[in-house]
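What the coordinates show
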Amino acid sequence: MTTPAQPRAKAPHWSWPGLLEGARLSVPLLPGVVVFSAAFGTIAAQKGLTLFDTVLMNAIVFAGAAQLVAMEIWSAPLSFGTIVSIAVVTMVVNARFVLMTASLRPWLDPLPAWQVYPALLLTTDATWIVGIRYHASGGTDASIYLGAGLALWALWVVTVIPGYLLGAVLADPARLGFDLMLPIFFMAMLVQLWRGPRRAIGWAVAGIVALVASWLLPGWWFIVIGAVVGSIAGGFIDDN
Amino acid sequence: MTTDLISGPIAAIIAMTLATYLTRVSGYWLMGHVPMTARVRRILETLPGAIVVATIVPIVAKAGAPGLVGIGVTFAAMLLLRRNEFAAVALGLTAVALTRAAGF
């Protein structure tokens with residue numbers, strides 16, 4: 001780009017204070033992570049996973065919605081076919097991460113790949129929304145993404161243990177509204193992503209297409225379909 | 001076909017991990033191979049809000065009255081409370097719980 005729309009921002013970089021700031025920005029999400037992780041631990045225990053397997057899954061998969069859906073298919077003993085089904089379902093539920101990390105490219109592009117890709121492995125809905133909101137308000141420190149990811153990851157790994165051992169502590173998270181944690185948090189973040197009505201046309205298209213897709217298709221495809229159609233529509237609305 | 005070397009659950013967890021990591025790196029990788037024209041940049045700038053809206057609308061529509069009240073309260077709180085997202089999220093969840101407790 002030879003004519004940037006706004007003054008060129010500082011190049012992306014890493015910093016220790018950024019790590020802490022990223023963790024701090026993730027604080028509003030932590031109660032939701034605790035409840036979600038504990039609830040997953042309870043379900044995993046009911047499904048017959050060992051505590052080791054449950055903690056391992058939280059530590060290296062680190063994708064709550066996909067893990068919950070995988071528990072629906074999980075059966076003992078696990079056949080090769082079941083494992084393939086679990087992998088495919090995991091990929092489908094996590095397809096939104098493809099779009100989320102695509103949207104990080106304009107921010108992180110100048111950094112070396114060997115630094116960016118490990119940080120991307122910490123991508124969750126929460127990590128991404130903390131990072132993209134920070135970047136939308138003019139920040140460039142990539143450590144925000146890493147710090148938020150590490151804070152969310154640590155809590156996700158630790159809090160599954162009491163959920164597994166105690167079980168049924170939060171048998172009905174819906175009563176406290178925690179099943180709607182994700183849309184409510186996204187709503188709060190959306191207000192901060194607001195940059196005038198031009199982009200909002202694409203957002204409105206995304207919402208309408210996603211709603212129709214959710215009626216027609218099973219699972220989580222509505223997020224990907226709505227977001228792709230809406231952002232392409234936004235791309236075709238010219239600035240002037 | 002699960003062998004003695006690696007238990008079924010461990011194999012399933014590794015498969016889930018690889019599937020998840022693929023989704024976490026492929027979008028970023030792909031956008032590194034697409035020329036960053038003004039149009040592509042506009043698409044990527046619209047994308048975060050589009051993902052957020054595409055997530056919120058169907059989930060809230062499915063949740064009915066408690067979902068609408070919770071989202072509405074969160075939105076109002078963000079505007080009124082100087083963008084304090086912690087308070088906005090707490091108020092939104094409280095609104096959901098109260099609406100459900102009221103029998104909706």
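Structure: see above.
Here goes a summary of the coordinates provided. Bear in mind that the values here come from a model prediction, so they are computed numbers and not experimental data. (Residues numbered from 1 in each chain as written. Chains lettered and ligands numbered in written order. Predicted model: local features only at pLDDT ≥ 70, side-chain atom pairs only at ≥ 80, totals over all residues.)

**A word on the environment of Asp125(A)**
Residues and elements named next belong to chain A.
- Mapped onto the elements of the fold, Asp125 is located in helix α9 (residues 125-136).
- A residue is classified by how many C-beta atoms lie within 10 Å of it, and Asp125, with 24 of them, is buried.
- Taking the C-alpha atoms as reference points, Asp125 and Leu182, separated by 57 residues in sequence, lie 8.2 Å from one another. (Helix = DSSP H or I, 4+ residues; strand = E, 2+ residues; numbered from the N terminus. Buried ≥ 20, exposed ≤ 12 C-beta atoms within 10 Å, placed from the backbone.)

**Describing the interface of chain B and chain A**
- In this complex, chain B contributes 63 residues to the contact, which on the side of chain A involves 71 residues.
- Among the elements of the structure, α1 (8-31), α2 (38-63), α3 (65-80) and α4 (85-101) of chain B are those that each provide at least two residues to the side of chain B that touches chain A.
- No other element matches α2(B), which puts 23 residues into the side of chain B that touches chain A.
- Taken together, the residues of the side of chain B that touches chain A sort by class into 40 nonpolar, 15 polar and eight charged. (Contact = placed C-beta atoms within 7 Å. Nonpolar A, V, L, I, M, F, W, Y, C, P; charged D, E, K, R; others polar.)

**Describing the nonpolar core**
- Residues Ala206(A), Met16(B) and Ala54(B) are the most contacted members of the largest nonpolar core, which totals 106 residues.
- Take this core: its biggest share by element is 13 residues, from α2(B).
- Other than its neighbours up to four places away in sequence, Met16(B) contacts Val61(A), Ala66(A), Ala70(A), Ile86(A), Ala87(A) and Thr90(A). (Core = buried A, V, L, I, M, F, W, Y, C linked by C-beta atoms within 7 Å.)

Scope: geometric values only; no functional claims are made or implied.
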